[in-house]
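# Commentary on secondary and tertiary structure
So you can see what is in the structure, the chains are spelled out below.
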Amino acid sequence: MVLLVTSDNVQFAVDKEVVERSVLIKNMLEDVGETDQSIPLANVSSAVLKKSTAKHHRGEPCLAQTPTRIKMRPAKRTTDISEWDQKFITVDQEMLFEIILAANYLDIKSLLDVGCKTVANMIKGKTPDEIRRLFNIVNDFTQEEEAQIKKENEWAEDR
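The following paragraphs examine the structure supplied in this document.

Cut-offs and rules
Residues numbered from 1 in each chain as written. Predicted model: local features only at pLDDT ≥ 70, side-chain atom pairs only at ≥ 80, totals over all residues. Heavy atoms only, no water. Pairing = 2+ DSSP bridges. Helix = DSSP H or I, 4+ residues; strand = E, 2+ residues; numbered from the N terminus. Axes fitted to C-alpha atoms, helices over the stretch in contact; angles between N-to-C directions. Contact = heavy atoms within 4.5 Å. Salt bridge = Lys/Arg side-chain N within 4 Å of Asp/Glu carboxyl O. Buried < 20%, exposed > 50% of the residue type's maximum accessible area, 1.4 Å probe, protein only. Phe/Tyr/Trp six-rings, centres within 6.5 Å; stacked < 30°, edge-to-face > 60°.

Take the sheet that holds strand S3 (residues 39–41) next. Ordered in space as S2-S1-S3, the 3 strands form an open sheet in which the pairing is mixed. Unpaired on one side and paired on the other, strand S2 (11–14) and S3 mark the two borders of the sheet. On average, adjacent strands in this sheet sit at an angle of 30° to one another, irrespective of strand direction. Pairing analysis gives 4 bridges linking strand S1 (residues 2–6) to S2, with the strands arranged antiparallel. From the neighbouring strand, Leu-4 faces S2, where its bridge partner is Phe-12. Together, S1 and S3 form the strand contacts of helix H2 (residues 23–32), whose direction differs from that of S3 by roughly 155°.

A few words on the pattern of salt bridges. Scanning the model with the defined rule gives 5 salt bridges in all. Linking Lys-16 and Glu-20 is a salt bridge whose minimum nitrogen-to-oxygen distance equals 3.9 Å. Judged by its relative accessible area of 33%, Lys-16 falls in the partly exposed class. Its salt-bridge partner being Glu-83, residue Lys-87 comes within 3.4 Å of it at the nearest N-O pair. Within this pair, Lys-87 and its partner Glu-83 are both found in helix H5 (residues 83–88), separated by 4 residues, close to a single helical turn.

Next up on the list: the packing of aromatic side chains. The relation between two aromatic rings is expressed through the spacing of the ring centres and the mutual angle of the planes. This model, assessed by the stated rule, comprises 2 aromatic pairs. Judged by centre distance (5.2 Å) and plane angle (15°), the rings of Trp-84 and Phe-88 are stacked. On the criterion of helical spacing, the pair formed by Trp-84 and Phe-88 is a turn pair, its members being 4 residues apart in helix H5. We classify Phe-88 as buried; its relative accessible area is 11%. Ring plane angle 75° and centroid distance 5.7 Å describe the contact between Phe-97 and Phe-135, whose orientation is recorded as edge-to-face. Taken together, the residues Phe-97 in helix H6 (residues 93–106) and Phe-135 in helix H8 (residues 128–135) connect sequence positions 38 residues apart. For Phe-135, a relative accessible area of 17% puts it in the buried group.

Printed below as a string of structure tokens:
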């Protein structure tokens, strides 16, 4: 077991096999060796750590450690998400983005991929205005700036 301490000072005892899905933690453990000391995770809250240490993918090789695995897989749409992962990542937007940030910080590629694919699916087929409403983004472009951007990116529009 590895003792992790979150940003809100909650301690978690997590199986070594589970925490080693994080390249960051795996490297820390390799650097310091076996220790009873806790590992502080200043950028991860307890709610996010609890969610990101799910045991469903236990035993699967970490994608970062097996680059040939990606080449051997049949081609798959980039936004396909397994049924288990879809249920797992069905959270409010704030938690979704916290999970993405934590997965990036902890270097958990599979979790980062699921989070990013979820966001991609959320915005797929939406107009810029719909995306702004979805994520509460204020449009701070003037009409002239927006027209210039549309002109510069005309090539990317669906025809």
